[in-house]
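Architecture at a glance
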Amino acid sequence: MGEGELPGLLVNEIGGKHGILHGHVAFLKKHFYLITMKEFLEDRKRMSKKVQAIYLWWHKPVIDQELLQSLPNLKVIANSGVGMDHLDLKLVASFGVKMANAPRAVSSSTADTGMALLLASARRLVEGYHIAMSSGVEYCEADILGVEVTGATLGIIGMGSIGYKIALRAKAFEMNILYHNRTRRKEQEEQAVGATYCEKIDGLLQRADFVMVVVSLTPQTHKLIGKREMELMKPTATLINISRGAVVDQEALVTALQTGVIRAAALDVTYPEPLPRDHTLLKLKNVIITPHLGIKTDKATYMITEEAVENILAALNGLPIPSEVLPS
Ligand SMILES: O=C(O)C(=O)CO
């Protein structure tokens, strides 16, 4: 089926730096007539009527008032991840457009990223790699002495599906698990991973050897971990952030890392992304930074597209949207 029969799906581009992956195109084309931003901009008048859905791939295309105004038949925007902080939810909803994210598809791969960062920082994997790769540098134990993960305490801030999967992984590493969440998990769920609930984040920060931040970025969580929170942490503790950069006060983090307030940080997210070349965080030895690897595996990205299609089809057919996101 082609242009006339299938609903139009606007995507940023196919392939390229900010485009949907080539491997997903055939699947998307079974359900939609794909329109790239370039095609849309070249023939706005005709294309604008065709677009019924937008698939946001890695936050692109940018959704603003002008774009929303130019799409009279737009019914739904599906996001290729769980975080929706790049979208003005109230603005989109004011156009009667539904929104959805992809929480099921992302949880395992993002939890793996968190665990990988925890292990890499604890065992100084990146520093060790550089030592081993510089031929002729004699190995010196003091340069590669890490911290033990087995038996250490992990504090998880945000126990949604990603946080819970981190707890499952940490249990296998024989870690003690503390968690903080807006709503407490059921007793059976806590017991299954051996996690202890901390009603206040302060208690968690004081006791954890590793603090993993997994909350969504909202006005309430903006700079949730600041100078005060870092000062509550143990000087031997490591901060791991896999949520959004702005959940941590980055300037306070630089100071905490430079002055030994905390041992180390491992960040999959920063603000901005990427950091400017001369940013102090890039110069500190006790920091690992990865380029928002979060969900990025073949399997997770394909599952995200499947979840997006499911959400879009439900919206276009007037059915309940499995992962609908409402403006708060
Ligand atoms: O799902 C998301 O929003 C992510 O950023 C995963 O890293």
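Remember, it's a predicted structure, so these values are computed and weren't measured experimentally.

About the cut-offs
Residues numbered from 1 in each chain as written. Predicted model: local features only at pLDDT ≥ 70, side-chain atom pairs only at ≥ 80, totals over all residues. Heavy atoms only, no water. Helix = DSSP H or I, 4+ residues; strand = E, 2+ residues; numbered from the N terminus. Rg over C-alpha atoms; globule rule 2.2 N^0.38 Å. Buried < 20%, exposed > 50% of the residue type's maximum accessible area, 1.4 Å probe, protein only. Contact = heavy atoms within 4.5 Å. Areas by Shrake-Rupley, 256 points an atom, 1.4 Å probe, with all protein chains shown as cover. Lys, Arg positive; Asp, Glu negative; His and termini not counted. Charge placed at Lys NZ, Arg CZ, Asp CG, Glu CD. Phe/Tyr/Trp six-rings, centres within 6.5 Å; stacked < 30°, edge-to-face > 60°. Salt bridge = Lys/Arg side-chain N within 4 Å of Asp/Glu carboxyl O. UniProt positions renumbered as here; feature names shortened; annotations may be inferred. Near = heavy atom within 4 Å. Polar contact = N/O pair within 3.5 Å; in protein donor to acceptor, adjacent residues only side chain to side chain. 1 Å grid on protein atoms, 1.4 Å probe; cavity = no way out; pocket = protein on both sides within 12 Å on 5 of 7 lines; lining within 4 Å. Sits in = over half its atoms within 2 Å of the grid points. Nonpolar A, V, L, I, M, F, W, Y, C, P; charged D, E, K, R; others polar. Pairing = 2+ DSSP bridges. Right-handed = clockwise from strand over helix to strand, strands pointing away. Points joined across faces, edges and corners; volume = space filled by probe spheres on them.

1. Re the overall build of the protein chain
Across its full length, the protein chain holds 14 helices and 12 strands. Whereas a compact globule of 328 residues would reach a radius of gyration of roughly 20 Å, the protein chain reaches 22 Å, a difference of no more than 12%. Residues classed as buried in the protein chain amount to 50% of the 328 residues present. Taking contacts inside the protein chain between residues at least 6 apart in sequence as the whole, the part at least 24 apart equals 63%. For the protein chain, the exposed surface amounts to about 16,500 Å²; the carbon and sulfur share of it is 54%. Separation of charge centres in the protein chain, based on 36 positive and 35 negative side chains, amounts to 3 Å.

2. Focus: the packing of aromatic side chains
This structure, assessed with the given rule, holds three aromatic pairs. Taking 5.1 Å as the distance between ring centres and 50° as the angle between the ring planes, the aromatic pair formed by Tyr-179 and Tyr-197 counts as tilted. On the criterion of sequence distance, the pair formed by Tyr-179 in strand S7 (residues 176-180) and Tyr-197 in strand S8 (residues 195-197) is long-range, its members being 18 residues apart.

3. Some points on the pattern of salt bridges
All told, the structure shown has 15 salt bridges when counted by the stated rule. Between Glu-307 and Arg-104 there is a salt bridge, with the nearest N and O atoms lying 3.7 Å from each other. Remark: Arg-104 occurs in helix H6 (residues 103-122) and Glu-307 occurs in helix H14 (residues 298-316); sequence separation between them is 203 residues. Assessed through its relative accessible area of 3%, Glu-307 is described here as buried.

4. Comments concerning the UniProt feature "domain: D-isomer specific 2-hydroxyacid dehydrogenase NAD-binding" (unreviewed entry) in the protein chain
Taken from the UniProt record, the annotation "domain: D-isomer specific 2-hydroxyacid dehydrogenase NAD-binding" (unreviewed entry) applies to residues 115-294. Annotation note: span residues 115-294, helix share 34%, strand share 16%, distance between end C-alpha atoms 11 Å.

5. Focus on the side chain of Asn-241
Structurally, Asn-241 can be placed in strand S10 (residues 238-241). Overall, the relative accessible area of 0% leaves Asn-241 in the buried class. If sequence neighbours within four positions are ignored, Asn-241 has contacts with Val-213, Val-248, Ala-266, Leu-267, Asp-268 and Val-269.

6. Things to note about the site of the ligand
Near the ligand the following residues occur: Gly-81, Val-82, Gly-83, Val-106, Arg-244, His-292, Gly-294 and Ile-295. Contact between the ligand and Gly-83: an oxygen atom at 2.8 Å from a main-chain N or O atom of the residue. The separation between an oxygen atom of the ligand and a polar side-chain atom of Arg-244 is 2.9 Å. Of the pockets mapped on this structure, the ligand occupies the largest pocket. Its residues assigned to classes, the shell around the ligand shows three nonpolar, four polar and one charged.

7. Focus: the pairing of strand S2 (residues 33-36)
Side-chain alternation along S2 places Tyr-33 and Ile-35 on one buried face and Leu-34 and Thr-36 on a second face that is also buried. Bridge analysis of strand S1 (residues 8-11) against S2 gives four bridges, and the strand direction is parallel. Paired with Gly-8 across the bridge in S2 is Tyr-33. Between S1 and its parallel partner S2, the chain crosses via helix H1 (residues 22-31), and the hand of that crossover is right-handed.

8. Topic: unusual backbone geometry
Lys-60 connects to Pro-61 through a cis peptide bond whose omega is 0°. Assignment of secondary structure puts Pro-61 in the loop between strand S3 (51-56) and helix H4 (65-69). Look at the link from Tyr-271 to Pro-272: it is a cis peptide, with omega at -5°. Mapped onto the elements of the fold, Pro-272 is located in the loop between strand S11 (264-267) and strand S12 (287-289). One non-glycine residue, Glu-174, lies in positive phi territory at about 60°. By the element assignment, Glu-174 lies in the loop between helix H9 (161-172) and S7. Residue Glu-174 is classed as exposed on the basis of its relative accessible area of 56%.

9. A closer look at the layout of surface pockets
In this structure, the largest pocket encloses a volume near 1,500 Å³. Considering the residues around the largest pocket, the lining is formed by 50 residues, among which Arg-182, Val-215, Ser-216, Leu-217 and Thr-218 are closest to the centre. For the lining of the largest pocket, the secondary structure elements donating two or more residues are helix H5 (89-94), H6 and H9. Here the residues of the lining of the largest pocket are counted per class, giving 21 nonpolar, 23 polar and six charged. Roughly 540 Å³ of volume is contained in the second largest pocket. Lining the second largest pocket are 23 residues, with Trp-58, Thr-270, Glu-273, Pro-274 and His-292 positioned closest to its centre.

10. Quick look at empty space enclosed by the protein
Under the definition given, this model contains one cavity of 30 Å³ or more. Its volume calculated, the largest cavity comes out at about 30 Å³. Considering the residues around the largest cavity, the lining is formed by Asn-241, Gly-245, Val-248, Gln-250, Leu-253, Leu-267, Val-269 and Thr-270. Looking at the lining of the largest cavity residue by residue, the class counts come to four nonpolar, four polar and no charged.

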